Amino acid sequence: VRVIDLRGRVVAEALEYGDFVGSDPVAVFGRLAALSTRVLGGLPPGVRLVGAGLALPGIVAAEGDLLLRAPNLGWSDVEPAALLGAATPAGLPLHIDNEANLAARTAAEAAPGRPGAFGDFVYLSGEIGIGGAAVLGGQVMTGRHGWAGEIGHVCVDPAGPLCRCGSTGCLETYAGRDAMLAAAGLTPASTLAELAELAGGGDARAREALSATARALAVALAGVINVLDIPTVVLGGHLAQLADLLRPEVEQQLRTRVLSARWVPPRIEAATSPPAPGATGAAFRELSGILADPAAWL
Ligand SMILES: [Zn+2]
């Protein structure tokens, strides 16, 4: 839970980390409600809340009130506002959106309405799965229903492993956090710092795990870049942590796979946003309403 002001500064926050694969939404939203009540109860006097947003790793109904499906959580048709109940600030509708779409805003905007480091880029959000977003002119390309950017479910190899979405060989079955750790012979309790350290020390299995991730990323991203002509890729989440290790092989393969690479070689960048960028992006989205029509709030 994070409260952000118009200048993009954190007013209050409380983060809880956990593995929510196959979790019960009622229990998870119960924890979120308690966290939210604690953060909102401790806000400095005079703070006026103007909106509430929620970032979720799945596809959301266009009306922004129903999570249709989050394959890694194992959730379908979840209505967060109903589960949060009184923990949602009084009088404010709760807008829910795809986590990667919101996280991408933190690479496009340094603060609400202020341009950030990147304007045109493909964003990959590395968590248990892989979320994605394409951003052009600082705006997330949402597609007809808001479901664009699911790069994690772009097929890298039809004969590959079964994905939680029901398909096979999706990017996230190679580049998701747990998939990378398993490929390196590590458990889900291990950290990516351990994986990076093993690879740096010359461990063959760790190096191959990183190489397999880089090859899968290059195949999926080459497809995206060939279709969209957006040659800058910003890696977020765990992929940002590993960007320096992944970059050489991904960039080298993209130079072969992207038709226009001779003129503008695709670049891999690491996002610099703090943890839980989806929460910050959700706040930016709410605050953008004020910037669009300040008079309504005076
Ligand atoms: Zn999939």
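Throughout this document, residue positions are counted from 1 along each chain, in the order its sequence is written. Local features are withheld for residues below a pLDDT of 70 in this predicted model, meaning they are given only at 70 or higher, and side-chain atom pairs are given and counted only at 80 or more; totals for whole chains, interfaces and linings count all residues. Water and hydrogen atoms play no part in the side-chain values, which are based on all heavy atoms of the structure.

S.K.: Explanation requested: the overall build of the chain in the structure shown.
M.R.: Strands here mean DSSP runs of E at least two residues long; helices mean DSSP runs of H or I at least four residues long; both are numbered from the N terminus. Tallying secondary structure elements over the chain gives ten helices and 14 strands in all. Compactness check: the chain gives a C-alpha radius of gyration of 19 Å against a globular reference of 19 Å for 298 residues, within 12% of the reference. Taken over the C-alpha atoms alone, the chain extends approximately 55 × 40 × 35 Å along its principal axes. Calculation of accessible area relied on Shrake-Rupley with a 1.4 Å probe; when residues are assessed, cover is drawn exclusively from the protein chains displayed. With the model as given, the accessible surface of the chain reaches about 14,200 Å², and the carbon-plus-sulfur share is 57%. In the chain, 21 positive and 29 negative side-chain charges are present, and the distance between their average locations comes to 5 Å. Note that the radius of gyration is over C-alpha atoms, with the globule rule given as 2.2 Å times the number of residues to the power 0.38. In this tally, Lys and Arg are treated as positive and Asp and Glu as negative; His is ignored, and so are the chain termini. Charge positions are represented by NZ for Lys, CZ for Arg, CG for Asp and CD for Glu.

S.K.: Could you clarify how one ought to interpret the coordination of the zinc ion in this entry?
M.R.: For a metal with four tetrahedral donors the ideal donor-metal-donor angle is 109.5 degrees, while six octahedral donors give ideal angles of 90 or 180 degrees. Donor selection uses N, O and S atoms within 2.8 Å of the metal (3.2 Å for Na, K and Ca). Since no water is included, sites may look incomplete. Bound to the zinc ion are the protein donor atoms His153 (ND1), Cys163 (SG), Cys165 (SG) and Cys170 (SG), situated 2.0 to 2.3 Å from the metal. One way to put it: the four donor atoms around the zinc ion meet at angles of 105 to 120 degrees, and that makes the site tetrahedral. Counting the intervening residues between successive donors of the zinc ion yields the motif H-x9-C-x1-C-x4-C. Taken together, the residues His153 in the loop between β12 (139-140) and α4 (172-175) and Cys170 in the loop between β12 and α4 connect sequence positions 17 residues apart. A four-donor site is classed as tetrahedral when every donor-metal-donor angle falls between 85 and 135 degrees; four donors are called square planar, and six octahedral, when trans pairs exceed 155 degrees and all remaining angles lie between 65 and 115, with any other arrangement labelled irregular.

S.K.: Sorry if this is basic, but what is going on with the sheet that holds strand β5 (residues 67-70) here?
M.R.: Remark on secondary structure: sheet strands pair via backbone hydrogen bonds, oriented parallel or antiparallel. Any two strands with at least two DSSP bridges between them are considered paired. An order of β4-β5-β6 is seen for the three strands of this open sheet, with the pairing classed as antiparallel. Strands with a single pairing partner mark the edges of an open sheet, and in this sheet they are β4 (59-60) and β6 (75-78). Pairing analysis gives three bridges linking β5 to β6, with the strands arranged antiparallel. Paired with Arg69 across the bridge in β6 is Ser76.

S.K.: For this particular structure, what's the right way to read the layout of surface pockets?
M.R.: Once rolled over the atoms, a probe with the size of a water molecule shows which space is left empty. Lining residues are those with an atom within 4 Å of a point, where the points come from a 1 Å grid over the protein atoms alone and group into cavities, where a 1.4 Å probe fits but cannot get out, or pockets, open sets with protein on both sides within 12 Å along at least five of seven lines. Grid points are joined across faces, edges and corners, and a volume is the space filled by probe spheres set on the points. Approximately 470 Å³ is the volume attributed to the second largest pocket. Lining the second largest pocket are 29 residues, with Asp97, Arg105, Val140, Thr142 and Arg285 sitting closest to its centre. Taken together, the elements giving at least two residues each to the lining of the second largest pocket come down to β7 (94-98), α3 (99-108), β9 (114-115) and β12. The biggest single contributor to the lining of the second largest pocket is α3, with four residues. Taken together, the residues of the lining of the second largest pocket sort by class into ten nonpolar, 13 polar and six charged. Delimitation of the domains relies on an automatic or database domain assignment. Residues lining the lining of the second largest pocket come from more than one domain, with at least three contributed by each of domain 1 (2-103 + 275-297) and domain 2 (118-270). Note on residue categories: nonpolar means Ala, Val, Leu, Ile, Met, Phe, Trp, Tyr, Cys or Pro, charged means Asp, Glu, Lys or Arg, and polar means any other residue, Gly included.

S.K.: Before we go on, may I ask you to explain the packing of aromatic side chains in this structure?
M.R.: Within a pair of aromatic rings, the relevant descriptors are the distance that separates the centres and the angle that separates the planes. Aromatic rings from Phe, Tyr and Trp, with only the six-membered ring used for Trp, were paired whenever their centres fell within 6.5 Å, and each pair was classed as stacked if the ring planes differed by under 30 degrees, edge-to-face if by over 60, and tilted otherwise. Scanning all chains against the criterion turns up two aromatic pairs. Judged by centre distance (5.6 Å) and plane angle (45 degrees), the rings of Phe29 and Trp75 are tilted. Taken together, the residues Phe29 in helix α1 (residues 25-41) and Trp75 in strand β6 connect sequence positions 46 residues apart. Accessibility classification places Phe29 together with Trp75 in one group, the buried group. Exposure classes here rest on a 1.4 Å probe applied to the protein chains alone. A residue is buried below 20% of its type maximum, exposed above 50%, and partly exposed in between.

S.K.: In this structure, what is going on with the domain arrangement of the chain? I would like to understand it.
M.R.: How big an interface is tends to be expressed through the accessible area that disappears when the partners come together. For the chain, the assigned domains are domain 1 (2-103 + 275-297) and domain 2 (118-270). Taking the mean C-alpha position of each, domain 1 and domain 2 sit 26 Å from one another. Buried area counts how much accessible surface, traced with a 1.4 Å probe, disappears from two parts once they are put together, with both parts' losses summed. The junction of domain 1 with domain 2 conceals about 1,300 Å² of combined surface from both sides, 50% of it contributed by carbon and sulfur atoms. For domain 1, the biggest contributors to the area lost against domain 2 are Asn72, Ala100 and Asn101; these three give 39% of the whole. Salt bridge, as used here, is a side-chain nitrogen of Lys or Arg placed within 4 Å of a carboxyl oxygen of Asp or Glu. The interface formed by domain 1 and domain 2 contains zero salt bridges. For the purposes of these results, a polar contact is taken to be a pair of N or O atoms within 3.5 Å, where, inside protein, one atom must be able to donate a hydrogen and its partner to accept one; residues adjacent in sequence count only when each atom of the pair is a side-chain atom. Viewed at the interface, domain 2 and domain 1 are joined by six residue pairs in polar contact (both at pLDDT 80 or more). Take the side of domain 1 that touches domain 2: its biggest share by element is four residues, from α3. Its residues assigned to classes, the side of domain 1 that touches domain 2 comprises nine nonpolar, three polar and two charged.

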